[in-house]
Amino acid sequence: MSADLSHVDTWLFDLDNTLYPLESEFMGLIEAKMTDFVARETGLPRDEARALQHSYFQEHGTTLAGLMANHGIEPQAFLDEVHDVSMDRLVPDEALRAAIARLPGRRLIFTNGSLGHAERVLTHLNLRDLFTEVFAIETADYLPKPALATFDKICKLHAIDPPMTTFFEDSEKNLVPAARLGMTTILVGPHAAASTSEHVHFRTNDLPGFLNSARLQGSPQ
C-alpha cells in the first residue's frame, strides 16, 4: 500500500547510504580513512583504532564527536581528510532524481557529514539543484544526529513544522527524535524491512519507487 504523505510540505533527507545505495560501499572508503586518522592520532594499532572508532560512533553519534570529546581533535582537519575520497563508486540515478523532483514543497539535506562532502556528493549524483539547503555537521556545531538539540536547531533555523515534515534516513536511531517531534519517518536501505521500531513509520529499499507511489499534496484522492 502506498504511503499517504499528502500532509507533507517539507522533505528532509539524510545523505550517505540514503541517497545512494549502501551496496556501493562508498562509506567504506571514508570509514577506512577515519581508521587511519584515529590510528595516527592515538598511536593505536589499526585494529584497535578501528574498534575505538566504532565505539565512539556508538557512544557519541559520530567518530568525530568522540575524538573531539576525548582527544581535542580540531574538527575541520578531520572532516577534510576523511572525506577526501574518490566518487567513482557513486552513480547518478535518474529515477531517483525524477522522484525527488516531483515532491511538493521544500527539500533539505540533514547530514552528519560535512558541508563540503555533501556538496561534492550531491553534485556528483546530479541532485544538488533539487535541495534548497544543506544542514551539515558544521551547521549543527558538531553535535550530530540523533541529538535532540540538533533536531531543534534545524527546525528553528528553517522554520520546520515537524507534523508537516517527513525524514528519510538509513539509521533507525536517527529517526527516533524525528518521530518524537511528530515527523513522518521513513527508514531506507536493505535492512529497513527488518525494523520493528515504533519510531519508524515506513520502510523501503527502493526510494524512487516509494516516492513515486506515495500520495502527495495535490495528488488525486
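Up top is the structure.
Residues numbered from 1 in each chain as written. Predicted model: local features only at pLDDT ≥ 70, side-chain atom pairs only at ≥ 80, totals over all residues. Heavy atoms only, no water.

Caption draft 1: Examining unusual backbone geometry more closely. The omega torsion across Lys145 and Pro146 is 15 degrees, close enough to zero to call that bond cis. Structurally, Pro146 is set in the loop between β3 (133-135) and α7 (148-157). For Asn17, which is not glycine, the phi dihedral falls at a positive 65 degrees. Topologically, Asn17 is positioned in the loop between β1 (10-13) and α1 (26-42). Phi angles above zero are rare outside glycine, and Tyr142 is one such case at about 65 degrees. One can find Tyr142 in the loop between β3 and α7. The class of Tyr142 is partly exposed, set by a relative accessible area of 22%. (Helix = DSSP H or I, 4+ residues; strand = E, 2+ residues; numbered from the N terminus. Buried < 20%, exposed > 50% of the residue type's maximum accessible area, 1.4 Å probe, protein only.)

Caption draft 2: Expanded view of the sheet that holds β1. In spatial order, the strands read β3-β2-β1-β4-β5-β6; together these 6 strands make up an open sheet with parallel pairing. The sheet is open, and its two borders are formed by β3 and β6 (202-204), each paired with just one other strand. Between one strand and the next, the sheet's axes are offset by a mean angle of 20 degrees, whatever the strand orientation. Relative to β3, strand β2 (residues 106-110) is paired through 3 bridges, and the arrangement is parallel. From the neighbouring strand, Leu108 faces β3, where its bridge partner is Glu133. On top of the sheet, helix α8 (residues 172-181) reaches β4 (165-169) and β5 (184-188); it is set at about 175 degrees to β5, its chief contact. (Pairing = 2+ DSSP bridges. Axes fitted to C-alpha atoms, helices over the stretch in contact; angles between N-to-C directions. Contact = heavy atoms within 4.5 Å.)

Caption draft 3: Here's a closer look at the nonpolar core. Core analysis: the biggest nonpolar cluster contains 50 residues, and Phe13, Leu19, Phe78, Ile100, Phe131, Phe168 and Leu211 have the highest contact counts within it. Considering each element in turn, this core owes the most residues, 7 residues, to α1. Setting aside anything within four residues of it in sequence, one finds Phe78 in contact with Met34, Phe37, Thr63, Leu64, Leu67 and Ile73. Of all hydrophobic cores here, the second largest spans 16 residues; its members include Leu108, Phe135, Met183 and Ala192. (Core = buried A, V, L, I, M, F, W, Y, C linked by side-chain atoms within 4.5 Å.)

Caption draft 4: Quick peek at the side chain of Glu169. Take Glu169: it is sitting in strand β4. Exposure remark for Glu169: the relative accessible area of 1% places this residue in the buried category. Residue contacts for Glu169: discarding those within four places in its chain leaves Asp14, Thr18, Lys145, Asn174, Leu175, Ile186, Leu187 and Val188.

Caption draft 5: Spotlight on the packing of α7 against α8. With their axes 10 Å apart at the nearest point, α7 and α8 run at an angle of 55 degrees to one another. With respect to α8, the element α7 is oriented oblique. Considering only the axes of α7 and α8, their crossing is right-handed. Residues Leu148, Phe151 and Asp152 of α7 form the contact with α8, whose participating residues are Asn174, Pro177, Ala178 and Leu181. A per-class count over the contact of α7 with α8 returns 5 nonpolar, 1 polar and 1 charged. (Parallel < 35°, antiparallel > 145°, perpendicular 65-115°, else oblique. Left-handed = near helix turned anticlockwise from the far one by under 90°. Nonpolar A, V, L, I, M, F, W, Y, C, P; charged D, E, K, R; others polar.)

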